[in-house]
Amino acid sequence: MSTFERLSAYRPYGLAALRIMTALLFIEHGTMKLFGFPAAQGDGPLSTLFLIAALLETFGGILILIGFATRPVAFLLAGEMAIAYFMAHMPHSFFPALNQGDGAILFCFIFLYLFFAGAGAWSIDNRNASA
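Residues numbered from 1 in each chain as written. Predicted model: local features only at pLDDT ≥ 70, side-chain atom pairs only at ≥ 80, totals over all residues. Heavy atoms only, no water.

Caption draft 1: Structural view of the nonpolar core. Core analysis: the biggest nonpolar cluster contains 15 residues, and Phe26, Ile64, Leu77, Met81, Phe111 and Leu114 have the highest contact counts within it. For this core, the elements supplying multiple residues, two or more each, are α2 (11-35), α4 (70-89) and α6 (102-117). Here this core gets 6 residues from one element, more than from any other, and that element is α4. With residues up to four places along the chain from it excluded, the contact list for phenylalanine 111 reads Thr22, Phe26, Ile64, Ala74, Leu77 and Ala78. (Core = buried A, V, L, I, M, F, W, Y, C linked by side-chain atoms within 4.5 Å. Buried < 20%, exposed > 50% of the residue type's maximum accessible area, 1.4 Å probe, protein only. Helix = DSSP H or I, 4+ residues; strand = E, 2+ residues; numbered from the N terminus. Contact = heavy atoms within 4.5 Å.)

So this is what it looks like as structure tokens:
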């Protein structure tokens with residue numbers, strides 16, 4: 001058995017690590033909008049669009065973090081990130097490295113992957129998988 005074949009046994013844990021770290025980073029974007037933590041994002045009250053984004057990022061991120069309803073939530077968050085990219089980043093430049101859209105694109109595609117792959121290990125979605 002090759003090294004790569006042996007590593008396949010750890011696939012659910014690698015997926016869980018990706019899910020958890022993505023969620024933690026995503027929650028941070030929501031808390032910046034909602035609570036100004038760890039730093040404020042924008043000045044003054046949030047527009048309706050930013051409030052919706054902040055709620056999706058915070059509470060959707062928490063659901064992804066604990067692995068609850070991972071597939072539908074990930075699909076919703078992928079859509080949010082696609083919209084964010086095309087509304088907020090793309091108008092500034094075609095190139096993501098120039099329009100600061102790298103994060104939105106990465107979040108979008110990681111959430112799409114979670115939609116197809118599921119939550120992995122250490123999730124509420126898979127709490128009975130080992131029983």
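Caption draft 2: Inspection of the layout of surface pockets at higher detail. Here the largest pocket defines a volume of roughly 580 Å³. Along the wall of the largest pocket there are 24 residues; nearest its centre are Lys33, Ala53, Glu57, Met81 and Ala84. Of the residues that constitute the lining of the largest pocket, the class distribution is 15 nonpolar, 6 polar and 3 charged. (1 Å grid on protein atoms, 1.4 Å probe; cavity = no way out; pocket = protein on both sides within 12 Å on 5 of 7 lines; lining within 4 Å. Points joined across faces, edges and corners; volume = space filled by probe spheres on them. Nonpolar A, V, L, I, M, F, W, Y, C, P; charged D, E, K, R; others polar.)

Caption draft 3: Inspection of α2 at higher detail. Between its terminal C-alpha atoms α2 stretches 35 Å, which fits the 36 Å expected from 25 residues at 1.5 Å a residue. Turning to α2, its buried residues number three or more, namely Leu15, Ala16, Arg19, Thr22, Ala23, Phe26, Ile27, Gly30, Thr31, Met32 and Lys33. Residues of α2 that are buried make contact with α3 (48-66), α4 and α6. Just downstream of α2 lies glycine 36, where phi reads positive at about 70 degrees. (Expected span 1.5 Å × (residues − 1).)

Caption draft 4: Summary view of the environment of alanine 74. Position of alanine 74 relative to the elements: it lies in helix α4. With a relative accessible area of 0%, alanine 74 lands in the buried category. Ignoring anything within four residues of it in the chain, the contact list for alanine 74 reads Ile64, Phe111, Leu114 and Phe115.

Caption draft 5: View of the packing of aromatic side chains. Inspection of the entire model under this criterion finds 8 aromatic pairs. When the ring of phenylalanine 26 is compared with that of phenylalanine 111, the centres are 4.9 Å apart and the planes differ by 75 degrees; the resulting orientation is edge-to-face. With phenylalanine 26 in helix α2 and phenylalanine 111 in helix α6, this residue pair connects regions lying 85 residues apart in the sequence. Residue phenylalanine 26 shares its accessibility class with phenylalanine 111, and that shared class is buried. (Phe/Tyr/Trp six-rings, centres within 6.5 Å; stacked < 30°, edge-to-face > 60°.)

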